[in-house]
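Structure assessment
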Amino acid sequence: MKIDLSGSLYDALKKATAEYASLIEKNDLPGARKKAAEIARFYHELANMNPVNKKESLERAAKWERVSSGKTGSRQKPSQPSHTETEKEEENEISRKASSLITTSNVKWSDIGGLDSVKKLMMETVVIAGLQKPESIKPWKGILLFGPPGTGKTLLAAAAAGSLHATFYDVKSESVLSKYFGESSKLISALYNSARDHSPSIVFIDEFDALSQSRDGETSEATRKVLSSLLTELDGLSDKKSDQLLLTLAATNTPWDLDTAVLSRFPRRIYVPLPDQKACKEIIKIQTKGMDISGISLDSISEKCVEMLYSGRDISNFCQQAIWTMIHTVNPDLYKMAELSFDELKMRNLQTIPLADDDFREAFMKIRSPITKNKLEQYEQWNIECGEV
Ligand SMILES: Nc1ncnc2c1ncn2[C@@H]1O[C@H](COP(=O)(O)OP(=O)(O)OP(=O)(O)O)[C@@H](O)[C@H]1O
Ligand SMILES: [Mg+2]
């Protein structure tokens, strides 16, 4: 049977379980067994879709398969997990999914070039949350980071978490909006409960605009539910223990898609711009760590990076490109070593020489920024109108 995936798998499971119960009620044992086989298939689907709880889903699938084949050990009616058990299971599944979003971050502030004022502001927020202070001084609960792609928004969130040794919840909007995960809005409360338990915590919501508006311009029911529980959490936090650090960082490339209800919960809206010349210099140094760049004209290369509208990500690719050019120049026969075993390779050194301006010149031709001047103006305009002064 082909399982219909258009709706939520969870809803389908719930429905099938209820149907199973009613078939048992009617003493329709062959029908109930058929239904049990269907439920088992749903659990197999779930196991494929949600690797985090794969083992449990497979165990439940096996259980239902036993019910469907009549090998339950009982000669009477096949049994089923009770209703409350199913609900409890669902709750556990949601908390497990919330915990699965916890990641560790080793990123340090020093891994980020430029963005000094943004870094300072985030450091202040974190410090204020930790210090003893009068009741009326409340740390920021939500910070919105906006700017062109690749400018370091994710990196900033990771550095904030890394420096604090905070529990870092890395939430991609699409992961909470998964159509197979019918209880998305419950996931948000489970996530914030977990974040409060594991404080200091940073909840990082990437691609935040996806929560505010769907691709076709219309907000789906699921999106609306998730957003409203998120807003409730952001509102509610101020009433709870204020000495806990629970910072929500949201990042977006399209701040103009966010509606006012969302924006009002993020009074701090920070523009993460393309790097200026000084920042480009720092990023080049970070991205060529361990290489000798003393011979290159860092000033003019960084100036050109600004002209090319490079983001931090572009500079990272640009430096990699320059490094590869140098590697190919000094190791023209590199590919021939593919014959060697890994152990033999480990005994040899990759030849390197100091990077030269020529390596970078070639890289400039290969790396193009995806951003245009018009787009930049749009960010700057939004920053003037809605950003932080
Ligand atoms: N300021 C920076 N300093 C050092 N490296 C940077 C900086 N900005 C970006 N990078 C490099 O570019 C990569 C991408 O940056 P990041 O993921 O933080 O960008 P982003 O702003 O979150 O992009 P997107 O909007 O596409 O999600 C980083 O992993 C890092 O290698
Ligand atoms: Mg990012």
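Residues numbered from 1 in each chain as written. Chains lettered and ligands numbered in written order. Predicted model: local features only at pLDDT ≥ 70, side-chain atom pairs only at ≥ 80, totals over all residues.

**Let's talk about unusual backbone geometry**
The amide bond that connects Ser 199 to the next residue, Pro 200, takes the cis arrangement and shows omega of 0 degrees. Relative to the assigned elements, Pro 200 resides in the loop between helix 8 (184-197) and strand 4 (201-206). Even without being glycine, Asn 27 reaches a positive phi, approximately 65 degrees. The backbone phi angle of Leu 309 is positive, close to 60 degrees, even though this residue is not glycine. Topologically, Leu 309 is positioned in the loop between helix 13 (298-307) and helix 14 (312-330). For Leu 309, a count of 17 C-beta atoms within 10 Å puts it in the partly exposed group. (Helix = DSSP H or I, 4+ residues; strand = E, 2+ residues; numbered from the N terminus. Buried ≥ 20, exposed ≤ 12 C-beta atoms within 10 Å, placed from the backbone.)

**Some thoughts on the nonpolar core**
With 69 residues, the main nonpolar core has Leu 156, Ala 160, Leu 191, Ile 202 and Leu 249 as its most contacted residues. No other element matches the eight residues that helix 6 (residues 153-164) contributes to this core. Residues lining this core come from more than one domain, with at least three contributed by each of domain 2 (102-271) and domain 3 (277-370). For Leu 249, the residues in contact, after removing those within four places along its chain, are Ile 143, Leu 145, Ala 157, Ala 160, Ile 202 and Phe 204. If you look at the next biggest cluster of nonpolar residues, it comprises 12 residues, including Ala 12, Ala 32, Ala 36 and Phe 42. (Core = buried A, V, L, I, M, F, W, Y, C linked by C-beta atoms within 7 Å. Domains from an automatic or database assignment. Contact = placed C-beta atoms within 7 Å.)

**Some points on the site of ligand 1**
Pro 149, Gly 152, Lys 153, Thr 154 and Gly 312 are the nearest of the 18 residues found near ligand 1. Of all elements in the fold, only helix 6, helix 12 (277-287) and helix 14 reach the threshold of two or more residues within the shell around ligand 1. In terms of residue class, the shell around ligand 1 is made up of seven nonpolar, nine polar and two charged. The residue makeup of the shell around ligand 1 includes at least three contributed by each of domain 2 (102-271) and domain 3 (277-370). (Near = placed C-beta within 6 Å. Nonpolar A, V, L, I, M, F, W, Y, C, P; charged D, E, K, R; others polar.)

**Observations concerning the sheet that holds strand 1 (residues 102-103)**
Reading across the sheet, the six strands line up as 1-3-4-5-2-6 and stay open at both edges, with mixed pairing between neighbours. The open sheet terminates on both sides in strands that have one partner only, identified here as strand 1 and strand 6 (268-271). Sheet analysis places strand 4 next to strand 5 (residues 246-252), joined by five bridges and oriented parallel. Residue Ser 201 lies in a different strand from strand 5, and its bridge partner there is Leu 246. (Pairing = 2+ DSSP bridges.)

These figures capture arrangement, not role.
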